[in-house]
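# Coordinate analysis (summary)
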Amino acid sequence: MPEPSPLLEATGIEILKVGEWNHQPFTSADFDHMVEAFDRCGFSPPLKLGHGEEQKLLDGEELPSAGWVKKIYRKGNSLFADFEKIPKHGEATILTQLF
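Computed from a prediction, not measured in an experiment: that's the story for all the values here.

## Observations concerning helix 1 (residues 28-41)
Given a rise of 1.5 Å per residue, 14 residues ought to cover 20 Å, and the 20 Å separating the end C-alpha atoms of helix 1 matches this to within 8%. Against the buried residues of helix 1 lie strand 1 (7-17), strand 3 (24-26), strand 4 (68-75) and strand 5 (78-87). In the segment just after helix 1, G42 is the residue with positive phi, at about 80°.

Take a look at the structure:
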């Protein structure tokens, strides 16, 4: 069995801006509510590549996700996230596919 790749972190990744996404308006107040809820939830959500169950990039890694959301926060009119436990061999591909 191959040895898993080292795991990396990605910080300060902008994930959403104030405005409209998929015909849904988002305000800075919405972001503040998201951050507050995230801080209270008590777990780190997994990262997935798309909506399908197959995560081909992770084949052979024996990892349950493409990484984990460590923290979300608002700066000005943008929502940012810090991610952790991203497989090294696919870091650029994973971040490109996420955003």
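## Side note on the pattern of salt bridges
A full pass over the atoms with the stated rule returns 3 salt bridges. Between E9 and K70 there is a salt bridge; the shortest N-O distance is 3.5 Å. Taken together, the residues span a long stretch of sequence, with E9 in strand 1 and K70 in strand 4 at a distance of 61 residues. Residue classification places E9 among the partly exposed residues on the basis of a relative accessible area of 46%.

## Points about unusual backbone geometry
The phi torsion at N22 lies on the positive side, around 55°, for a residue other than glycine. As for its position among the elements, N22 is in the loop between strand 2 (19-21) and strand 3. Unusually for a residue other than glycine, H23 sits at a positive phi of about 65°.

## Some remarks on the nonpolar core
If you look at the biggest cluster of nonpolar residues, it comprises 14 residues, and the most contacted ones within it are L16, F31, L47, V69, I72, L79 and F83. The set of elements that each furnish at least two residues to this core consists of strand 1, helix 1, strand 4 and strand 5. In terms of residue count, strand 5 provides more of this core than any other element does, 4 residues in total. Among residues more than four places away in sequence, those in contact with V69 are F38, S44, P45, L47, D82 and F83.

## What to know about the side chain of S78
Looking at the element boundaries, S78 is found in strand 5. A relative accessible area of 9% places S78 in the buried class. Among the polar contacts listed, one links the side chain of S78 to the side chain of E14, at a separation of 2.4 Å. Setting aside residues no more than four positions away along its own chain, S78 makes contact with E14, L16, K17, F31 and Y73.

## Details of the environment of L16
By the element assignment, L16 lies in strand 1. The contacts of L16, once residues within four sequence positions are left out, are W21, F26, F31, N77, S78 and L79.

## Brief notes about the sheet that holds strand 5
The sheet built from 3 strands is open, its strands ordered 1-5-4 with antiparallel pairing. Edge positions in the sheet fall to strand 1 and strand 4, since each of these pairs with one other strand and no more. Shown here is a sheet whose adjacent strand axes are inclined to one another by a mean of 20°, direction ignored. Where strand 1 meets strand 5, 7 bridges bridge the pair, whose relative direction is antiparallel. By the bridge assignment for strand 5, L16 is matched with L79. Here helix 1 sits on the sheet in contact with strand 1, strand 4 and strand 5, set at roughly 145° to strand 4.

Rules and cut-offs
Residues numbered from 1 in each chain as written. Predicted model: local features only at pLDDT ≥ 70, side-chain atom pairs only at ≥ 80, totals over all residues. Heavy atoms only, no water. Helix = DSSP H or I, 4+ residues; strand = E, 2+ residues; numbered from the N terminus. Expected span 1.5 Å × (residues − 1). Contact = heavy atoms within 4.5 Å. Salt bridge = Lys/Arg side-chain N within 4 Å of Asp/Glu carboxyl O. Buried < 20%, exposed > 50% of the residue type's maximum accessible area, 1.4 Å probe, protein only. Core = buried A, V, L, I, M, F, W, Y, C linked by side-chain atoms within 4.5 Å. Polar contact = N/O pair within 3.5 Å; in protein donor to acceptor, adjacent residues only side chain to side chain. Pairing = 2+ DSSP bridges. Axes fitted to C-alpha atoms, helices over the stretch in contact; angles between N-to-C directions.

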